[in-house]
Amino acid sequence: QVQLVESGGGLVQAGGSLRLSCVASGGTFSDHAMGWFRQAPGKAREFVAAIDWSGSGTYYGDSVKGRFTISRDNAENKVYLQMTSLKPEDTAVYYCAAAGGETIRTMGLDFGSWGQGTQVTVSS
């Protein structure tokens, strides 16, 4: 099973940018589509973005489309989430997740491995 560790979260002003990173260990990274999810206090977990095994296919949640970009580096076993034009409503714990297959998934149940999360706080 893949182990995942996120980094890059922090406090940023509205309109700013952050890049989250997630490094994988164990298993074969390129066997897995990857995703980012987030959860704000008192709210349900929300799909943010996903990428297929090769990096050629991506998919975004409506709330982040046009502002966030997901990418991956299979040689480094890493997936990234570049976040721009951040808004206070983007404040949440962001989780990296590995899917059970190579194709893009958007449902949390399709992801078998999860990181511990990294906090992103956007001030107004």
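Note: the structure precedes this text.
Residues numbered from 1 in each chain as written. Predicted model: local features only at pLDDT ≥ 70, side-chain atom pairs only at ≥ 80, totals over all residues. Heavy atoms only, no water.

(A) Quick look at the state of the cysteines. Within this structure, the stated rule accounts for one disulfide. Residue cysteine 22 pairs covalently with cysteine 96 via a disulfide, S to S 2.1 Å. Measuring handedness by torsion sign, the sulfur bridge of cysteine 22 and cysteine 96 sits at about -75° and is left-handed. In this pair, cysteine 22 is assigned in strand S3 (residues 18-25) and cysteine 96 in strand S9 (residues 92-99), connecting sequence segments 74 residues apart. The class of cysteine 22 is buried, set by a relative accessible area of 1%. (Disulfide = S-S within 2.5 Å. Helix = DSSP H or I, 4+ residues; strand = E, 2+ residues; numbered from the N terminus. Buried < 20%, exposed > 50% of the residue type's maximum accessible area, 1.4 Å probe, protein only.)

(B) Inspection of the environment of valine 120 at higher detail. Inspection of the secondary structure assignment puts valine 120 in strand S11 (residues 118-123). By relative accessible area, which is 0% here, valine 120 ends up buried. Setting aside residues up to four positions removed in sequence, valine 120 forms contacts with Gly9, Gly10, Leu18, Leu20, Met83, Asp90, Thr91, Ala92 and Tyr94. (Contact = heavy atoms within 4.5 Å.)

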